[in-house]
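# Structural features, examined
Now for the letters of each chain:
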Amino acid sequence: MQYKSQAVAKPYFIAAIGLFVGQILFGLILGLQYVIGDFLFPAIPFNVARMVHTNLLIVWLLFGFMGGAYYMIPEESETELFSPKLALAMFWIFLVAGALTIVGYLTVPYAALAEMTGNNLIETMGREFLEQPLPTKLGIVVVALAFLFNITMTVLKGKKTSISLVLLIGLWGLAVFFLFSFYNPVNVVLDKFFWWWTVHLWVEGVWELILGSFLAFVLIKTTGVDREVIEKWLYVIVTLTLITGIIGTGHHYFWIGTPEYWQWWGSIFSALEPIPFFAMTVFAFNMVNRRRREHPNKAAVLWALGTGVMAFLGAGVWGFLHTLAPVNYYTHGTQITAAHGHMAFYGAYAMVNLMMISYAMPLLRGRAANSNKSQVLEMWAFWLMTVAMVFITLFLTAAGILQVWLQRASDAPLPFMVAQDKIALFYWMREWAGVFFLIGLVIYIVSFFVGGEEKQAV
Amino acid sequence: MISEEDFGVREEIPGQGLAIAAEALFLLNLLALPGLAFAILAGLWFRFRHDAPPLARQHLRQAFVVSLWGGVLIVVCSAGILLAGGLHEQWTWVVLILYFTCIHSTLILLGMVALVKAMGGQGWRFPVIGPKLDCQP
């Protein structure tokens, strides 16, 4: 750790991992509710478990992004963080607000929660992924603004590198597009149209910039390849991301009441969306192949390579699978979407956060890398979680194909719940894969507490 | 002015440009221009198979032979699944789509590694279906 203020990243990383555990536990509850419908009912109904599962995902990824930025920016800017105290204050505010929101979801009926939290003032609740009550949404804005102020001021007073500027654009974009979560037109078409400006332009737009900059930072540190080479790759990736991702939003506009031309725009541009992920994978492998040093933190390098591959598969390949309008006509909202969502989120954003944590945590704890024993355990966790996610995706894809056949493509389509019964086998298999994922996650956490001979920080 | 060096391509080893072209065509054949990219790759292989530098020869051979294998694995096996299972059987589509997606993605990922090796001026053998290396670059 080169700058004292980088230490503020540590609580963010710890919180991120804690919330990640919560997300996976609720994922397992949900998975079981798919096959045992009244499991934990009425204590945790399906809609609540789903909301907690997806909201925890978003919040832990945001914690990871913030922690990663607080770690990376001082080192890139070659100066201490503008205000470590502000960063710590925002950490506690965000954590408490997040925890209260989850407690609210679990203890108060959603409609009552909406009433209690002033949803009648600005109606923002009740929409997938953006279910947070108004005070939480406002809290997110306050935390995001304070965070961006802190990070931007640090960059302004220090050195400006391409990597930190790309990260800043990504983070500002994240904050700006979140503002659309406050815009909830009565017209359902317009509602959906702008809802995607938060959801899609986050995950297939500005978050990719955050991913690219984190990846570039860790690859510079672990491979010793010239910054100029890595930055030029980053420019290409950013360009490809924005060219394909922005108009690619159109792949969500099929048959929701938007003009028909979106079927063409959405199909063409989103078909190009795998290209930045392709470039990212070639980039990561190329840099590791050209490395000028053997960094002692092998686990971080493994996460870096893994995020390229899994993001390409999950976001690129599985996204392409159902992105063309004629295909999406049948697959829209089926388990194929769930398969894509699981692998894309894990491959692109969970893994890049785990990569950052893997690289930064040993340094935050005063060593260049963890002991071999700890790294071996972490690599086991990597493979268990990654292979489990591959199987989750494959089982959900199989379920989705069958669902499309039974419920959509058939001459005598079955009702939704009848089709669900017929694909239950795949839900069971997905649940078991989920158990293995949890085992991987537990091993990952254990790896933090394993001793052995540590590599000294240089 | 952006040069190849900027993206991590070294021009130190003879035949590196051709090696990169071979692996890029392998990927293009899978991703964007099936058939056409293979025709160009085959043309390069027949034109340079005797007199190209060892690195280029090796990548051309790998890319050409694995493209043929890829054709068998993707087209022939998929057609086999379709014929064996029947067009109107639900399980045919479950198996076919999963098989196609997995095999196609695997070939692309291996192609990416091959491209990176070519960019680094190193030899590469595709696992299992790649022909044995007969010359070291």
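## Some points on the interface of chain B and chain A
- Every contact between the two is made by 30 residues of chain B and, on the other side, 27 residues of chain A.
- At the junction of chain B with chain A, the criterion picks out zero salt bridges.
- Applying the counting criterion to the chain B and chain A interface returns one residue pair in polar contact (both at pLDDT 80 or more).
- Within the residue set of the side of chain B that touches chain A, elements represented by two or more residues are helix 1 (16-31) and helix 4 (90-119) of chain B.
- Ranked by residues supplied to the side of chain B that touches chain A, first place goes to helix 4 of chain B with 17 residues.
- A class-by-class count of the residues in the side of chain B that touches chain A yields 18 nonpolar, seven polar and five charged.

## Regarding unusual backbone geometry
Residue and element names in this part refer to chain A.
- Residues Phe41 and Pro42 are joined by a peptide bond in cis, for which omega reads 10°.
- Unlike most non-glycine residues, Glu78 shows phi in positive territory, near 55°.
- Counting through the fold element by element, Glu78 comes out in the loop between helix 2 (46-77) and helix 3 (84-107).
- Accessibility expressed as a relative area gives 46% for Glu78, which makes it partly exposed.
- Positive phi is not limited to glycine here, since Phe129 has a value of about 70°.
- Within the element layout of this structure, Phe129 appears in the loop between helix 4 (110-116) and helix 5 (134-157).

## Points about helix 11 (residues 298-320) of chain A
- Taking 1.5 Å as the rise per residue, helix 11 of chain A with 23 residues should run 33 Å; its terminal C-alpha atoms sit 32 Å apart, in good agreement.
- The buried count for helix 11 of chain A comes to 21 of 23 residues, which makes it a mostly enclosed element.

## Some details on a nonpolar patch on the surface
Residue and element names in this part refer to chain A.
- Residues Leu242, Ile246, Ile247, Tyr261 and Trp265 make up a contiguous nonpolar surface patch of about 460 Å² in total accessible area.
- Listing elements by their share of the nonpolar patch, those giving two or more residues are helix 8 (227-248) and helix 9 (261-271).
- With three residues, helix 8 is the single largest residue contributor to the nonpolar patch.

Reading the values: rules and limits
Residues numbered from 1 in each chain as written. Chains lettered and ligands numbered in written order. Predicted model: local features only at pLDDT ≥ 70, side-chain atom pairs only at ≥ 80, totals over all residues. Heavy atoms only, no water. Contact = heavy atoms within 4.5 Å. Salt bridge = Lys/Arg side-chain N within 4 Å of Asp/Glu carboxyl O. Polar contact = N/O pair within 3.5 Å; in protein donor to acceptor, adjacent residues only side chain to side chain. Helix = DSSP H or I, 4+ residues; strand = E, 2+ residues; numbered from the N terminus. Nonpolar A, V, L, I, M, F, W, Y, C, P; charged D, E, K, R; others polar. Buried < 20%, exposed > 50% of the residue type's maximum accessible area, 1.4 Å probe, protein only. Expected span 1.5 Å × (residues − 1). Patch = residues over 30% accessible without salt bridge, like charges linked within 9 Å, V, L, I, M, F, W, Y side chains within 5 Å. Areas by Shrake-Rupley, 256 points an atom, 1.4 Å probe, with all protein chains shown as cover.

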